[in-house]
Amino acid sequence: MTFFKTLAATAVGLTFLAGSALAQECAPSKWGADDELGSANLVSPERTLEASKLIKQGKSVPLGIVIDSSTPAFPPRGLSLQVVQPNQQGGQKLFAFNGNYNDDLMQLWLGIGSQIDGLGHLGENGLYYNCLDEKEISQITGLTKLGTHNIPPLVGRGVVIDMTKHFGVPALEAGQFFTAADIQEAAKAQGVEIREGDVVLFYTGWTDTKLESDPVAWVSGEPGTSEDAAEWLAAQNVMAVGSDTWGLDVVPPEKEGRPFYGHVILLKKNGIYILETMNTGLLVRDGVTEFMFVLGQARVRGTVQMIINPVALY
């Protein structure tokens, strides 16, 4: 499937999701009818202290990738960067010591590269997390509720599960999905226990093998989670789910006409955050399966998503 065919299929599928008569009736969040934080409520001093005990070697690695104007992204997303020297034309100097400086301007979509999907990103039948109506919260100037600026620092235990090891391949293929059973088997074989409040990350090899060598293929499809995998992860009461892919869910989708339905399950139905394009290969190559996860995203009011660079400490 080409890049543009994938986009067209996704657009049709999202239209299907918005109008599906099969959608379950919305239920208030288990954290209360006014809650906007979802699984971020699982952050606690006790879990933070427990996670800090995972730092054995004193190492830290970035889980975000470097992005630029050539980074492929879900269309029409992209970015443009300009470095400027304001009021310095013709060699003008602005300070008594003849100093000079650079500033930068950027026009971009916040859903590019490594990112967090907020709870206002994907819903169903016009509703988002905690039954919030798109007509009330989706303003052109920013979300009036569920903005990512509300998310507190996400700090806790992180785990990474190597799905390439589970399937015995260097990298999974586009359209290849892994189920709840696959996750459980892989976790057991790799000695990984998934606990309440965890950040669960997957390694598929997709970004390591495709992003630089074939960026069009990288963004035209991806391996990822099945719908039952999303349901099972939600049942474990995890804080966030992420992968080294640009969209977490498998593309082309597991079920025709239901692209990114795992987003609906995690975000809308359970208030669980999604972390995309996480550089999990660094952890896998270092033999790390659990670590302290730390994320403090930029706080721009009303944003749906945010570019991020979480840190894994171990």
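Everything numeric here is computed off the predicted structure, so don't read it as measured data. (Residues numbered from 1 in each chain as written. Predicted model: local features only at pLDDT ≥ 70, side-chain atom pairs only at ≥ 80, totals over all residues. Heavy atoms only, no water.)

**Let's talk about the overall build of the protein**
- Broken down by element type, the protein carries 10 helices and 17 strands.
- Along the first, second and third principal axes, the C-alpha set of the protein runs to 65 × 50 × 45 Å.
- Burial statistics for the protein: of 314 residues in total, 48% are counted as buried.
- Long-range contacts, defined here as pairs at least 24 residues apart, represent 79% of the contacts in the protein between residues at least 6 apart.
- With the model as given, the accessible surface of the protein reaches about 14900 Å², and the carbon-plus-sulfur share is 53%. (Helix = DSSP H or I, 4+ residues; strand = E, 2+ residues; numbered from the N terminus. Buried < 20%, exposed > 50% of the residue type's maximum accessible area, 1.4 Å probe, protein only. Contact = heavy atoms within 4.5 Å. Areas by Shrake-Rupley, 256 points an atom, 1.4 Å probe, with all protein chains shown as cover.)

**Thoughts on the state of the cysteines**
- A complete count under the given rule lists one disulfide for this structure.
- Paired through a disulfide, Cys 26 and Cys 131 show a sulfur-sulfur distance of 2.2 Å. Torsion about the S-S bond of the Cys 26 and Cys 131 cystine: about -105°, corresponding to left-handed handedness. With Cys 26 in the loop between helix H1 (3-19) and helix H2 (45-52) and Cys 131 in the loop between strand E5 (127-128) and strand E6 (132-133), the pair connects residues that are 105 residues apart, well separated along the chain. (Disulfide = S-S within 2.5 Å.)

**Concerning the nonpolar core**
- If you look at the biggest cluster of nonpolar residues, it comprises 65 residues, and the most contacted ones within it are Ile 116, Ile 161, Phe 202, Leu 275, Leu 283 and Phe 291.
- For this core, the leading source of residues is helix H9 (residues 261-270), giving five residues.
- Here Ile 116 is in contact with Ile 151, Leu 154, Tyr 273, Ile 274, Leu 275, Leu 295, Val 304, Gln 305, Met 306 and Ile 308, once residues within four sequence places are set aside. (Core = buried A, V, L, I, M, F, W, Y, C linked by side-chain atoms within 4.5 Å.)

**Considerations on the packing of helix H5 (residues 180-189) against helix H8 (residues 227-235)**
- H8 packs onto H5 with a crossing angle of 60° between their chain directions and a minimal axis gap of 7 Å. With respect to their mutual orientation, H5 and H8 come out oblique. Here H5 contributes Ala 180, Ile 183 and Gln 184 to the contact with H8, which in turn contributes Asp 228, Ala 229, Trp 232 and Leu 233.
- Looking at the contact of H5 with H8 residue by residue, the class counts come to five nonpolar, one polar and one charged. (Axes fitted to C-alpha atoms, helices over the stretch in contact; angles between N-to-C directions. Parallel < 35°, antiparallel > 145°, perpendicular 65-115°, else oblique. Nonpolar A, V, L, I, M, F, W, Y, C, P; charged D, E, K, R; others polar.)

**Focus on the packing of aromatic side chains**
- The tally for this structure, following the rule as stated, stands at six aromatic pairs.
- Ring centres of Phe 74 and Phe 260 lie 6.1 Å apart, and the angle between their planes is 85°; on these two criteria the pair is classed as edge-to-face. Here the residue Phe 74 occupies a position in the loop between strand E1 (60-62) and strand E2 (79-84), and Phe 260 occupies one in the loop between strand E13 (240-243) and H9, the gap between them amounting to 186 residues.
- Look at Phe 260 and you get buried, because its relative accessible area is 8%.
- Every member of this aromatic cluster is reached through a ring pair, and the members are Phe 74, Trp 246 and Phe 260.
- Lying across the ring of Tyr 261, Arg 258 places its NZ or CZ 3.9 Å from the centre. (Phe/Tyr/Trp six-rings, centres within 6.5 Å; stacked < 30°, edge-to-face > 60°. Lys NZ or Arg CZ within 6 Å of the ring centre and 35° of its normal.)

**Overview of the pairing of strand E15 (residues 290-295)**
- Sheet topology places strand E9 (residues 154-162) next to E15; six bridges connect them, and they run antiparallel. In the sheet register, Gly 156 faces E15, and the bridge partner there is Phe 293.
- Taken together, the three bridges between E15 and strand E17 (residues 311-313) define a ladder with antiparallel strand orientation. Following the sheet pairing, Phe 293 is matched in E17 by Ala 312. (Pairing = 2+ DSSP bridges.)

**Concerning the side chain of Ser 44**
- By secondary structure assignment, the location of Ser 44 is in the loop between H1 and H2.
- At 3.1 Å, the side chain of Ser 44 and the backbone nitrogen of Arg 47 are in polar contact. (Polar contact = N/O pair within 3.5 Å; in protein donor to acceptor, adjacent residues only side chain to side chain.)

**Focus: the environment of Met 239**
- By the secondary structure assignment, Met 239 is in the loop between H8 and E13.
- Once the C-alpha coordinates of Met 239 and Asn 270 are considered, the two residues, 31 residues apart in sequence, prove to be 10.0 Å apart.
- Sequence-distant contacts of Met 239, defined by excluding residues within four places in its chain, comprise Ser 39, Leu 42, Val 43, Leu 154, Val 155, Gly 197, Asp 198, Val 199, Ile 272 and Tyr 273.

**Re the confidence of the model for the protein**
- Taken as a whole, the protein shows an average pLDDT of 93; of its residues, 92% reach a score of 70 or greater.
- Low confidence marks residues 1-23, where pLDDT is under 50. Its contacts with residues over four positions away, or in another chain, come to 36 contacts. (pLDDT = per-residue confidence, 0-100.)

**Digging into the environment of Arg 77**
- Looking at the element boundaries, Arg 77 is found in the loop between E1 and E2.
- Separated by 82 residues in sequence, Arg 77 and Val 159 have C-alpha atoms that sit 29 Å apart.
- Those residues in contact with Arg 77, other than ones at most four positions away along the chain, are Trp 109, Gly 111, Gln 115, His 121 and Gln 305.
- Polar side-chain contacts of Arg 77 include one of 2.9 Å to the backbone oxygen of Gly 111.

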